[in-house]
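# Structural features, examined
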Amino acid sequence: MKIIIIGPAFPLRGGIADFNEALAKSLSEQGDDVSLYSFYYQYPKILFPGTSQFAEGESPEKLIIKSTLSSINPFSWFKTASLIAGEKPDLVIIRYWLPFMAPALGTVARWLRKKKIPVIAITDNIIPHEKRPGDKQLTQYFINQCDGFITMSREVLQQLSLFTTTEKKAFIPHPVYNIFGDAIRKVDARNNLLLSPDDKIVLFFGFIRTYKGLQMLLDAMSDERIRNRKIKLLVAGEFYEDDKPYHEKIENLNLKQSVILHTVFIDKERVKDYFCAADMVIQPYMSATQSGITQIAYHFERPMLVTNVGGLAEIVTDKRVGYVTETNPTSIADAICDFYDNGREAMFSKNASVDKNNFTWNSFIIGLKKLKESLNK
């Protein structure tokens, strides 16, 4: 098929761009003709608290990426729709993750459907983590312009029912990322990061916002049982909010010796160092839909700890590849202690190497194409 994906891609950076590029690559490898239409202007500064929206380095090989969209310029919406319509695609896939993007993405979808081009939305979020006035109306506008929907958690699938009664929807789990290179030895990864080969190290990875629960994880790290076991927390990712409360908590809880801060954006080439250096990856989220972090951990066959929110427990099987805990510091600390006291790393890692085969790109694409075929019925 001729398939076009609309959403962030290089030189934009972040998990959604990584996903779009991985999806395009996987579709191309199966023989589809794929192009990506991305943004030349994505976020106003007020909506992007990070240091930069752009990645460094070379464009991904063998991917056609056209940066034609501005989130705030309606002329770019119509230009993009016209360019895509001129390619006569069999299917257009639009990534939807934030109500702010609804006018741009919804208008493009509306024009494409007028040309009888089917549009499927991959909806990362329906109800955003951080709510703003007008979210419901904007999301409703976007959803009304699409033919079908894919969600990567059952919670988002349920949320979708608040906006549409369509049966043209499917839950397909987030695939395992395959774009960060092969795993390396833990000792080499730690050497690359200047970390001790002998320390007990757990990892918090990704951009830092309130809903991701790092404050709660810091409280867990202050548990006397964690202190007595001399466990260290490696925090790798950029602050997307004021960092002062986090530094104050580390100071007040006397955690300076047990928390290692690498609070910058982690380039794609360095991701393997952080995951392979860790004994376990921790996602102490207060709310969630799905997360690409779990799928990176699966790729590197790392044990995981997630809280029982959103779709995380659908992906991480408790006591098999890691832990599903309650959203409180004591429950998290209990699991960390169990992990080290009972030497569970090898077993969880072995199980992760098996279970990651449940989340392949091939399975995702089969589900996507099955949904596309159902649009004609």
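Up top you'll find the structure we're talking about.
Scoring rules and cut-offs
All residue numbers here refer to positions counted from 1 along the written sequence of the relevant chain. Residues qualify for local features only when their pLDDT is at least 70, as the model is predicted, and side-chain atom pairs are given and counted only at 80 or more; totals for whole chains, interfaces and linings, by contrast, use all residues. Only heavy atoms go into the side-chain values, all of them from the structure, while hydrogens and water stay out. In DSSP terms, a helix is any run of H or I states spanning at least four residues, a strand is any run of E spanning at least two, and both are numbered starting from the N terminus. Pairs of residues are marked as contacts when any of their non-hydrogen atoms sit within 4.5 Å. Take the number of residues in a helix, subtract one, and multiply by 1.5 Å to get its expected span. A pair of strands is considered paired only if DSSP assigns at least 2 bridges between the two. Geometry is summarised by axes, namely lines fitted to C-alpha atoms with helices restricted to the contacting stretch, and by angles between N-to-C directions that run from 0 to 180 degrees. Angles are sorted into four bins: roughly parallel if under 35 degrees, roughly antiparallel if over 145, roughly perpendicular if 65 to 115, and oblique for all others. Throughout, a crossing is termed right-handed when the near helix is turned clockwise from the far one, and left-handed when it is turned anticlockwise from it by less than a right angle. All amino acids are sorted into three groups, where Ala, Val, Leu, Ile, Met, Phe, Trp, Tyr, Cys and Pro are nonpolar, Asp, Glu, Lys and Arg are charged, and the leftover types, Gly among them, are polar.

Attention now moves to the environment of Leu63. Summarising the element assignment, Leu63 is placed in the loop between β2 (33-41) and β3 (64-70). A sequence separation of 292 residues divides Leu63 from Asp355, and the C-alpha atoms of the two residues are 29 Å apart. Excluding its chain neighbours within four sequence positions, the residues that come into contact with Leu63 are Glu21, Ala24, Lys25 and Leu36.

Here helix α15 (residues 361-374) is 14 residues long and its end C-alpha atoms lie 20 Å apart, about the 20 Å a rise of 1.5 Å per residue gives. Taken together, the buried residues of α15 touch α1 (15-29), β4 (91-96), β5 (119-123), β6 (148-151) and β7 (169-171).

The next thing to look at is the sheet that holds β4. Pairing is parallel in the open sheet, where 7 strands are placed in the order β3-β2-β1-β4-β5-β6-β7. Edge positions in the open sheet fall to β3 and β7, since each of these has one partner strand only. Adjacent strand axes in the sheet meet at a mean angle of 25° when their direction is disregarded. Two strands pair when backbone bridges link them, and β5 and β6 are joined in this way by 4 bridges, in the parallel orientation. From the neighbouring strand, Ala121 faces β6, where its bridge partner is Phe149. Most of the contacts of α1 go to β2, to which it runs at about 160°, and overall it touches β1 (2-6), β2, β4 and β5. Contacting β4, β5 and β6, helix α4 (residues 135-144) crosses the sheet at an angle of about 170° to β4.

Our focus in this paragraph is the packing of helix α2 (residues 74-87) against helix α3 (residues 102-114). The interhelical angle for the contact between α2 and α3, taken along N-to-C directions, is 40°, at an axis separation of 9 Å. On the basis of the axis angle, α2 is oblique to α3. Once α2 is placed against α3, the crossing between them reads as right-handed. Here α2 contributes Trp77, Phe78, Ala81, Ile84 and Ala85 to the contact with α3, which in turn contributes Pro103, Ala104, Thr107, Val108, Trp111 and Leu112. Looking at the contact of α2 with α3 residue by residue, the classes come out as 10 nonpolar, 1 polar and no charged.

By themselves, these observations are geometric and do not establish any function.
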